[in-house]
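If you want the building blocks of each chain, they are given just below.
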Amino acid sequence: MPILHIECSIKDDAISPELGATFDELAQRVQQRHRLTGSIMLVLTDDAHMHALNAQFRAKDRTTDVLSFDLGAPLPIDEGDETAYKEIYISVEQARRQAEEMRVALSEELARLFVHGLLHLSGWDHETEETLQRMERETDEILDALGLLPT
């Protein structure tokens, strides 16, 4: 079962403690459906940080909503925890813009982006429109299983 660690590097009143429990449930659901093991560090951050990461690792000079990194090597996070280490970064600012655009709660968009990142860590990719649609359907199924899709 994946071990989830959450770091919030920004102050935002919309990010509640309950969101952490939701993220944990989502990680467990993805693990049940797909190969997902090890520790996952989720970093909720801002556009400037995401812009820098996107430029450094993807050579794209702009912010983005979510980035996933599988570092692959066992790295200790907590004492005794030496499992494969993965990172997901989400720009809360970008997520808020997307939530407003789609007329959903910020928590719903953060959950969607988190699942998207988890699927990338499970080996999913979306190089074509068809694979993107499959990934979005899988995301919706996972969110729906936990009652997190808007009705």
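Everything quoted here is computed from the prediction, not taken from an experiment. (Residues numbered from 1 in each chain as written. Predicted model: local features only at pLDDT ≥ 70, side-chain atom pairs only at ≥ 80, totals over all residues. Heavy atoms only, no water.)

Novice: Hey, could you run me through the nonpolar core in this one?
Specialist: In summary, soluble globular proteins display a tendency toward joint burial of nonpolar side chains. By size, the foremost hydrophobic cluster in this structure holds 30 residues, and its most contacted members are Phe23, Ile88, Ile90, Leu110 and Phe114. Leaving out residues up to four positions away in the same chain, Leu110 has contacts with Leu19, Phe23, Leu44, Ile90, Val92 and Ala95. Counting residues in each nonpolar core, the second largest holds eight residues, with Val43, Leu53, Phe69 and Tyr85 among its members. (Core = buried A, V, L, I, M, F, W, Y, C linked by side-chain atoms within 4.5 Å. Buried < 20%, exposed > 50% of the residue type's maximum accessible area, 1.4 Å probe, protein only. Contact = heavy atoms within 4.5 Å.)

Novice: Looking at this model, I keep getting lost on the pattern of salt bridges. Mind explaining?
Specialist: Side chains that differ in charge, positive against negative, can pair when their charged atoms come close. One pass over the full model with this rule turns up four salt bridges. The residue Glu138 makes a salt bridge to Arg33 at a minimum N-O spacing of 2.8 Å. Remark: Arg33 occurs in helix 1 (residues 17-33) and Glu138 occurs in helix 5 (residues 129-145); sequence separation between them is 105 residues. Under the relative-accessibility criterion, Glu138 is labelled buried at 9%. Here Arg33 falls in the partly exposed class, since its relative accessible area comes to 38%. A salt bridge links Asp47 to Arg97; the nearest nitrogen and oxygen atoms lie 2.7 Å apart. Taken together, the positions of Asp47 in helix 2 (residues 47-58) and Arg97 in helix 3 (residues 92-102) put the pair 50 residues apart, joining distant regions of the chain. Taken together, the shared-partner salt bridges in this structure form one network comprising Arg33, Glu138 and Glu141. (Salt bridge = Lys/Arg side-chain N within 4 Å of Asp/Glu carboxyl O. Helix = DSSP H or I, 4+ residues; strand = E, 2+ residues; numbered from the N terminus.)

Novice: Sorry if this is basic, but what is going on with the pairing of strand 2 (residues 39-45) here?
Specialist: The element strand 2 is largely enclosed, with a buried count of seven among its seven residues. Here strand 2 shows a buried face lined by Ser39, Met41, Val43 and Thr45 and a second buried face lined by Ile40, Leu42 and Leu44. Pairing of strand 1 (residues 3-8) with strand 2 involves six bridges; the strand directions are parallel. Within the sheet, the bridge partner assigned to Ile3 lies in strand 2 and is Ser39. (Pairing = 2+ DSSP bridges.)

Novice: What exactly am I supposed to notice about unusual backbone geometry here?
Specialist: For residues besides glycine, phi is generally negative; the peptide bonds are generally trans as well. Positive phi is not limited to glycine here, since Ala59 has a value of about 55°. Position of Ala59 relative to the elements: it lies in the loop between helix 2 and strand 3 (66-76). For Ala59, a relative accessible area of 70% puts it in the exposed group. For Arg103, which is not glycine, the phi dihedral falls at a positive 60°. Judged by relative accessible area, Arg103 falls into the exposed class, the value being 78%.

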